[in-house]
Amino acid sequence: MIVVTSQEMAGSARDVSGPGWQSKRMIVREHGMGHSVHETRVLEGAELHLHYKNHLESNYCISGEGEVEHKVTGEVFPIKPGTIYSLNENDPHILRATKGDLLLVCVFTPPLSGNETHKADGSYASE
Ligand SMILES: CC(=O)NCC[C@H](N)C(=O)O
């Protein structure tokens, strides 16, 4: 069994941040689960242009409010506590935190190794 706490992740090599976000990679590739699970905070007012070309990602909102815009279709979906959105087609998107920090439980497949930050195109490198 694998047990990891947010508290022990704080300040570790798997506590990673970028412009407007911070993420604790709690379950990662080395755990062998086939996915990674992160506690992600997107700071209020942040607008992230993301395109996970090499990964599928789901995000479940715990607190805060925001929206996710599909860059191709132009659709905009509100995000509030209890909302999950899944980028099942490697969808290019814009994530906005509009009211408070967005606190998300984030799942990546295939799993991240834990120390990734975004490339210029909004993706993470493949393995
Ligand atoms: C929602 C999103 O993709 N935020 C950026 C950080 C990412 N969730 C991660 O955990 O690396």
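A brief report on the enclosed structure follows. Worth saying up front: this structure is predicted, and the values here are computed from it rather than measured.

**Some remarks on the nonpolar core**
Core analysis: the largest hydrophobic core is formed by 20 residues, its most contacted members being Val42, Leu48, Ile79, Tyr85, Leu95, Leu102 and Leu104. For this core, the elements supplying multiple residues, two or more each, are strand S4 (47-50), strand S5 (56-70), strand S7 (84-87) and strand S8 (93-109). Among the elements that line this core, the one with the most residues is S8, at 6 residues. When residues no more than four places from it in sequence are discounted, the contact partners of Ile79 are Cys61, Gly64, Glu65, Gly66, Glu67, Val68, Tyr85, Leu95 and Leu102.

**Thoughts on unusual backbone geometry**
Here the bond from Thr109 into Pro110 is cis, since omega is -10°, no more than 30 degrees from zero. Topologically, Pro110 is positioned in the segment after S8. Positive phi, normally seen in glycine, also occurs at Asn90, with a value near 55°. Within the secondary structure layout, Asn90 lies in the loop between S7 and S8.

Conventions adopted
In this numbering scheme, every chain counts its residues from 1 along its sequence in written order. pLDDT decides what is reported in this predicted model: residues at 70 or higher carry local features, side-chain atom pairs at 80 or more are listed and counted, and totals for whole chains, interfaces and linings draw on all residues regardless. Excluding hydrogens and water, the side-chain values take into account all heavy atoms of the structure. Remark: nonpolar core denotes a set of buried residues (Ala, Val, Leu, Ile, Met, Phe, Trp, Tyr, Cys) joined through side-chain atoms within 4.5 Å. Burial status follows relative accessibility: with a 1.4 Å probe on protein chains alone, a residue under 20% of its type maximum counts as buried, one over 50% as exposed, and anything between as partly exposed. Numbered from the N terminus, helices here are DSSP runs of H or I no shorter than four residues, and strands are runs of E no shorter than two. When checking whether two residues touch, look at their non-hydrogen atoms; a contact exists if any pair is within 4.5 Å.

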